[in-house]
Amino acid sequence: MLQLLRKLRFFLLKSVVYRRYEIGPGFYCGLGIKIWAKNSIKIGKNFYMGMGSIIESDAVIGDNVIWGNRVALIGKYDHHYQQIGSTIREASAIRDKNYNWKGLNLMTVIENDVWVGYGSILMSGITIGEGSIIAAGSVVTKNVEPYSIYGGVPATKIANRFNDEQDLQQHLKIVHSKYLSERKINYQNIR
């Protein structure tokens, strides 16, 4: 019975509450999540969004992505803080229909097979590369290299996800990664 109720909840969230956005199969979310974007959100298959997490930015999220609890994807320019003659509280905000300041065209991209740890904050307009891990409590303000582990405030590269290039290449082959043939990964041994 519990399983049926859970399936019904996910169905209602996808097809009623968040019908404006494109959410793939296998969507799972904890209680208290919120999803909003000025223009669009596209979520791939098997996305797990932990309890209390929010998306408040245009985003493309790949397949097999997992977020811990209380992860936030937020805009860099949600309020026009340079608006002459207005306090920040009274200034125009990105949710306003006539908002025409920074941030309107920022797209956040989270590629496949990414794990974002508890309480992390992702700022809009970044790309988190395939296979990466974001340590709990991090604030990500810049792009994240594929198959890397980032952490801290602001987040910086801590380590590679795999111990060596051979393990990485074997993994890329098995998961049919787009990075296998492109050889785009800078995998220096930093451990």
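Cut-offs used in this document
- Residues numbered from 1 in each chain as written.
- Predicted model: local features only at pLDDT ≥ 70, side-chain atom pairs only at ≥ 80, totals over all residues.
- Heavy atoms only, no water.
- Helix = DSSP H or I, 4+ residues; strand = E, 2+ residues; numbered from the N terminus.
- Rg over C-alpha atoms; globule rule 2.2 N^0.38 Å.
- Buried < 20%, exposed > 50% of the residue type's maximum accessible area, 1.4 Å probe, protein only.
- Areas by Shrake-Rupley, 256 points an atom, 1.4 Å probe, with all protein chains shown as cover.
- Pairing = 2+ DSSP bridges.
- Phe/Tyr/Trp six-rings, centres within 6.5 Å; stacked < 30°, edge-to-face > 60°.

Asks: Tell me about the overall build of the protein, residues and numbers included.
Replies: Counting its regular elements, the protein contains three helices and 17 strands. Relative to a compact globule of 191 residues, whose C-alpha radius of gyration would be 16 Å, the protein shows 18 Å and is just as compact. Projecting the C-alpha coordinates of the protein onto the three principal axes gives extents of approximately 55 × 50 × 30 Å. Buried residues in the protein amount to 43% of all 191 residues. Per element, the accessible surface of the protein, about 10900 Å² overall, is 55% carbon and sulfur.

Asks: Hey, could you go over the pairing of strand E17 (residues 156-160) for me, with residue numbers and the actual values?
Replies: Across four bridges, strand E16 (residues 148-151) lies against E17 in antiparallel orientation. The partner of Tyr150 across the bridge, within E17, is Lys157. What sits between E16 and E17 in their antiparallel hairpin is a turn of four residues, with Gly152 showing a positive phi close to 105°.

Asks: Go over the packing of aromatic side chains, please, and point to the residues and values.
Replies: Under the definition given, this model contains eight aromatic pairs. For the ring pair Tyr147 and Phe162, a centre distance of 6.1 Å and an interplane angle of 35° mean the geometry is tilted. Placement of the pair is Tyr147 in the loop between strand E15 (139-140) and E16 and Phe162 in the loop between E17 and helix H2 (165-174), with a sequence separation of 15 residues. Of the two residues, Tyr147 and Phe162, both sit in the buried class. Grouped by ring-pair contacts, the aromatic residues Phe10, Phe27, Tyr28, Phe47, Tyr48 and Trp67 constitute a single cluster.

Asks: Break down the sheet that holds strand E13 (residues 127-128) for me, citing the residues and quoting the values.
Replies: Judged by pairing direction, the sheet is parallel, and its five strands sit side by side in the order E1-E4-E7-E10-E13 without closing on themselves. Strand pairing shows two members of the sheet lacking a second neighbour, strand E1 (22-23) and E13, which therefore form its edges. The pairing of strand E4 (residues 41-43) with strand E7 (residues 59-61) spans three bridges and is parallel. Across the sheet, Ile41 pairs through a bridge with Ala59, a residue of E7.

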